Amino acid sequence: MIAAQIPAPGRPPVLTDLPSPQSNPGRAVVEVLAAPITPLDLLCAGGQSYFGVPATPYVPGVQGVGRWDGRLVWFPTAAGMAPGDGSMAERVSVPEDQMVVLPEDADPVAVAALGLSAVAAHMALTWRGGLAAGETVLVLGAGGVVGLAAVQLARTAGAGRVVAAARSDKGRERAARAGADAVASLDTDDVDALAALLEEAAQGPVDLVLDPLFGAPAAAAARVLRPEGRLVNLGSSAGEHAPLDSGTLRGRSLRLLGYTNNALTPQQRSAAVDTVARECALGRLSVPFERVPLEEAARGWERQARGVARGRIVLVP
Ligand SMILES: NC(=O)c1ccc[n+]([C@@H]2O[C@H](COP(=O)([O-])OP(=O)(O)OC[C@H]3O[C@@H](n4cnc5c(N)ncnc54)[C@H](OP(=O)(O)O)[C@@H]3O)[C@@H](O)[C@H]2O)c1
């Protein structure tokens, strides 16, 4: 079968001919229909994730949508986080009990583009962040896949006001189209200036911040939270460190929470994938994506890594 393989840490994938995986007890061989290239895939392959430097060569792809036993399924893999191959191949072996059966009319590419990014947005808002009906939510990085999904999912989860913040014009346009009530710019690293922009957009205290960025945007967002407000961090696209000041944290008794999909039970993850697929089918949840043939995996990988893709790149057969 054709597969995209990372030859060495930090190198882009190379197209390779590999033997098809064999089915073993408890494992299924899935025909891959859609494999997204996500920030986690890039981090793992570069050896920069907290899982360490991966053993190479390996086939990347921590998730995908495919067909198994006549059914359409979403599946996770541990590629890049533990030894073994992932979804960027014609076929992949996955644990049977981790697959989620999707509605037959689900669009495999649209669901793959949302995937674990939308799962993270949903669970960070509702489970970790405890979003309550009527609350004001501020979504940072709202032009990215996690942020765009969070803007839409916060609305369906009952948020009263959804404020979005993004760095680029494109990101702000996307967030506005996704239904944000107000959109702020993140186009500076000055925490005071950022806090003023966020305060103006929020028009009142924020209950919950959804933060895939950390860095200066997270420090500024903490300043617009209400007393005992929550900030859920789930990524570090803007930086591994944030200039958070103790006075803001202490003075408002803020709650700073971390989130990772890896802490979900398989049941929680399956239920969240089901929610994402259902919202997608209802037309209430979508993110821009670009289909790229598996044969052109290296080109897709490079475009996603440079941030020049028109949306999440999804490899298709
Ligand atoms: N914890 C979890 O379980 C989990 C799950 C999924 C993802 N994540 C993490 O969440 C983060 C976002 O993922 P994603 O899928 O949304 O990625 P993405 O689609 O690539 O979006 C990243 C966004 O970050 C913004 N950005 C990058 N650098 C920035 C900066 N210095 N200041 C402000 N904005 C900046 C970009 O804004 P512009 O487009 O405006 O330039 C882009 O919209 C990643 O770190 C990812 O690893 C975590």
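Thresholds applied
- Residues numbered from 1 in each chain as written.
- Predicted model: local features only at pLDDT ≥ 70, side-chain atom pairs only at ≥ 80, totals over all residues.
- Helix = DSSP H or I, 4+ residues; strand = E, 2+ residues; numbered from the N terminus.
- Rg over C-alpha atoms; globule rule 2.2 N^0.38 Å.
- Contact = placed C-beta atoms within 7 Å.
- Near = placed C-beta within 6 Å.
- Nonpolar A, V, L, I, M, F, W, Y, C, P; charged D, E, K, R; others polar.
- Domains from an automatic or database assignment.
- Axes fitted to C-alpha atoms, helices over the stretch in contact; angles between N-to-C directions.
- Parallel < 35°, antiparallel > 145°, perpendicular 65-115°, else oblique.
- Left-handed = near helix turned anticlockwise from the far one by under 90°.
- Buried ≥ 20, exposed ≤ 12 C-beta atoms within 10 Å, placed from the backbone.
- Arc of directions from axis to C-beta.

Engineer: Quick question: what am I supposed to make of the overall build of the chain here?
Structural biologist: Helices and strands together make up the secondary structure of the chain, namely nine helices and 15 strands. Here the chain has a C-alpha radius of gyration of 19 Å; the compact-globule value for 317 residues is 20 Å, and the two agree. C-alpha atoms of the chain, sized along the principal axes, occupy 60 × 35 × 30 Å. Long-range pairs, those at least 24 residues apart, make up 67% of the contacts in the chain between residues at least 6 apart in sequence.

Engineer: How should the site of the ligand be read in this particular structure?
Structural biologist: The local shell around the ligand holds 29 residues, among which G144, V146, S168, G171 and G235 are the closest. Mapped onto the shell around the ligand, the elements with two or more residues apiece are α1 (39-46), α2 (108-128), α3 (145-156) and α6 (215-222). Looking at the shell around the ligand, its residues break down into 14 nonpolar, 14 polar and one charged. In terms of domain composition, the shell around the ligand takes at least three residues from each of domain 1 (2-101 + 287-316) and domain 2 (117-261).

Engineer: Before we go on, may I ask you to explain the packing of α2 against helix α8 (residues 266-281) in this structure?
Structural biologist: Working note: a packed helix pair is described by the angle between its axes plus the distance between those axes. α8 packs onto α2 with a crossing angle of 120° between their chain directions and a minimal axis gap of 9 Å. It follows that α2 is oblique to α8 by the angle criterion. Relative to α8, α2 is oriented so that their crossing is right-handed. Counting all contacts with α2, which are made through A110, V111, L114, A118, V119, H122 and M123, the residues of α8 involved are Q268, R269, A272, V273, T275, V276, A277 and C280. Partitioning the contact of α2 with α8 into residue classes produces eleven nonpolar, three polar and one charged.

Engineer: For this particular structure, what's the right way to read the environment of A309?
Structural biologist: Structurally, A309 is set in the loop between α9 (297-306) and β15 (312-316). The class of A309 is partly exposed, set by 18 C-beta atoms lying within 10 Å. Other than its neighbours up to four places away in sequence, A309 contacts E290, R303 and Q304.

Engineer: Mind showing me how you'd approach α9 here?
Structural biologist: Working note: α-helix, 3.6 residues per turn, so residues spaced by three or four point in the same direction. Considered for burial, the residues of α9 that qualify are A297, G300, W301 and Q304. Looking straight down α9, one finds that the buried residues subtend no more than 100° of arc, so they occupy a single side. Turning to α9, the residues buried within the fold contact β1 (2-5), β2 (14-17), α1, β14 (289-293) and β15. Directly after α9, the chain includes G307, whose backbone phi takes a positive value near 70°.

Engineer: Even after reading the chapter, I still don't get the environment of W301, so can you show me in this structure?
Structural biologist: Along the chain, W301 falls in helix α9. Owing to 24 C-beta atoms within 10 Å, W301 belongs among the buried residues under this scheme. Linking W301 and D41, residues 260 residues apart in sequence, is a C-alpha distance of 9.5 Å. Beyond its immediate chain neighbours, meaning those up to four positions away, W301 contacts P12, P13 and I37.

Engineer: So what exactly am I meant to see when it comes to the packing of α2 against α3 here?
Structural biologist: Following both chains from N to C, one finds α2 and α3 inclined at 50°, their axes separated by 8 Å at the closest point. Put simply, α2 runs oblique to α3. α2 and α3 meet at a crossing whose hand is right-handed. Note on element contacts: α3 touches α2 through V145, V146, A149, A150, L153 and A154, opposite L114, S117, A118, A120, A121, H122 and L125. Each residue belonging to the contact of α2 with α3 can be placed in one class, and the counts come to eleven nonpolar, two polar and no charged.

Remember, this is a structural readout, not a statement about activity or role.
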